[in-house]
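What the coordinates show
Okay, here's what each chain looks like letter by letter:
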Amino acid sequence: MNGTWTTRAETRADVAAIREVNRAAFGRDEEADLVDALRADASAWIDGLSLVATGPDGRVVGHALLTRCHIDDVPALCLAPCAVLPEAQGAGAGSAAVHAALAAAEERGERYVIVLGHPTYYPRFGFGRASAHGIRLGVDVPDEALMALALDDGHPLPTGTVRYAAPFGI
Ligand SMILES: CC(C)(COP(=O)(O)OP(=O)(O)OC[C@H]1O[C@@H](n2cnc3c(N)ncnc32)[C@H](O)[C@@H]1OP(=O)(O)O)[C@@H](O)C(=O)NCCC(=O)NCCS
């Protein structure tokens, strides 16, 4: 199945499918609800940075979302959630969606991305341990789970505390 995914920004017609992908991937409503809350939050949502991966039949199988966060007062993006339908996992759809999201962010001149997630998955996209750059979170998480990426070599990661958009409740 590798290489058969198409990526694009979400449209209004994708909202229900994105909800379903997140519900199925996580086996609960929490992440799907979070995506909907972020979409309704004008200070967090950035049009064009919610990316879907679709199969050859056009079905949405994967989703990656970037929303506004801050490192202290410096604008950055938060990558969350990332989700792929269980039956399509492990075949590159998640990677395709994440690569597309990061490329879209770079195109918009965004500089920094933060992710809180699997420390074995995100380094393949260039993420490194956030604490190595003096980036922290106000709550306790495993050190290796908080990762950061600079999209532009000319602008190294700032130091500071990550402030998530309100819907994350962090
Ligand atoms: C994590 C997820 C988005 C990855 O998407 P995917 O399409 O399955 O992943 P890809 O095919 O692009 O990449 C496969 C790689 O991801 C790794 N991977 C998949 N799920 C993983 C997980 N939960 N933890 C760590 N690595 C994982 C696989 O081991 C594989 O690694 P390899 O290339 O070294 O063999 C998807 O598996 C998913 O939706 N999982 C459930 C929800 C979830 O945990 N989301 C992430 C929250 S941080």
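See the structure shown above.
Here we summarise the structure given alongside this text. (Residues numbered from 1 in each chain as written. Predicted model: local features only at pLDDT ≥ 70, side-chain atom pairs only at ≥ 80, totals over all residues.)

**A closer look at the overall build of the protein chain**
Note the following rule: The helix and strand labels rest on DSSP assignments: H or I over at least four residues marks a helix, E over at least two residues marks a strand, and numbering proceeds from the N terminus. Radius of gyration here is computed from C-alpha atoms only, and the compact-globule reference equals 2.2 Å multiplied by the residue count raised to the power 0.38. With C-beta atoms placed from the backbone, a residue is buried if 20 or more other C-beta atoms are within 10 Å of its own, exposed if 12 or fewer are, and partly exposed between those counts. We call two residues in contact when their backbone-placed C-beta atoms lie within 7 Å.
Of regular secondary structure, the protein chain possesses 3 helices and 9 strands. Along the protein chain, from the amino end to the carboxyl end, the secondary structure elements read β-α-α-β-β-β-α-β-β-β-β-β. Here the C-alpha atoms of the protein chain give a radius of gyration of 15 Å, agreeing with the 15 Å that 2.2 N^0.38 yields for 170 residues. Its C-alpha atoms give the protein chain principal-axis dimensions of roughly 45 × 30 × 30 Å. The proportion of buried residues among the 170 residues of the protein chain is 39%. Taking the intrachain contacts of the protein chain between residues at least 6 apart in sequence as the baseline, contacts between residues at least 24 apart amount to 67%.

**Regarding the nonpolar core**
In plain terms, the rule: Note on terminology: a nonpolar core is any set of buried Ala, Val, Leu, Ile, Met, Phe, Trp, Tyr and Cys residues joined through C-beta atoms within 7 Å.
By size, the foremost hydrophobic cluster in this structure holds 55 residues, and its most contacted members are Leu-79, Ala-97, Ala-101, Val-113 and Ile-114. Counting residues per element, this core draws most heavily on helix α3 (residues 93-107), which supplies 9 residues. Apart from residues no more than four positions distant in its own chain, Ala-97 is found in contact with Thr-7, Leu-51, Val-52, Ala-53, Gly-62, His-63, Ala-64 and Cys-82.

**Comments concerning the environment of Asp-36**
Mapped onto the fold, Asp-36 is located in helix α2 (residues 30-39). With 16 C-beta atoms packed within 10 Å, Asp-36 lands in the partly exposed category. Separated by 18 residues in the primary sequence, Asp-36 and Ile-18 have C-alpha atoms spaced 9.5 Å apart.

**Section: the pairing of strand β8 (residues 146-150)**
Selection criterion: The pairing criterion is simple: DSSP has to find at least two bridges between the two strands.
Taken across its 5 residues, β8 has 4 buried, putting it largely inside the fold. Bridging between strand β5 (residues 112-116) and β8 involves 5 bridges; their strand directions are antiparallel. The partner of Val-115 across the bridge, within β8, is Met-147. Relative to β8, strand β6 (residues 128-129) runs antiparallel, the two sharing 2 bridges. Pairing of Arg-129 across the sheet is with Met-147, part of β8.

**A short note on unusual backbone geometry**
Cis geometry marks the peptide bond from Ala-80 to Pro-81; its omega dihedral reads -10°. Checked against the element boundaries, Pro-81 lands in strand β4 (residues 74-84). One non-glycine residue, Asp-72, lies in the positive phi region at around 55°. Among the residues examined, Asp-72 registers 12 C-beta atoms within 10 Å and is labelled exposed.

**Description of the environment of Ala-165**
Along the polypeptide, Ala-165 turns up in the segment after β9 (160-163). According to the C-beta neighbour criterion, Ala-165 is buried, with 20 such atoms within 10 Å. Setting aside residues up to four positions removed in sequence, Ala-165 forms contacts with Leu-38, Asp-41, Ser-43, Ala-44, Thr-67, Arg-68, Cys-69 and Cys-78.

**Notes on α3**
This is how it is decided: Multiply 1.5 Å by the residue count of a helix minus one, and that product is the helix's expected span.
Taking 1.5 Å as the rise per residue, α3 with 15 residues should run 21 Å; its terminal C-alpha atoms sit 21 Å apart, in good agreement. Taken together, the buried positions of α3 are Ala-93, Gly-94, Ala-96, Ala-97, Val-98, Ala-100, Ala-101, Leu-102, Ala-104 and Ala-105. Summarising the contacts, the buried residues of α3 are in contact with β1 (6-9), β2 (50-54), β3 (60-71), β4 and β5. Just past α3, the residue Gly-109 takes up positive phi, approximately 85°.

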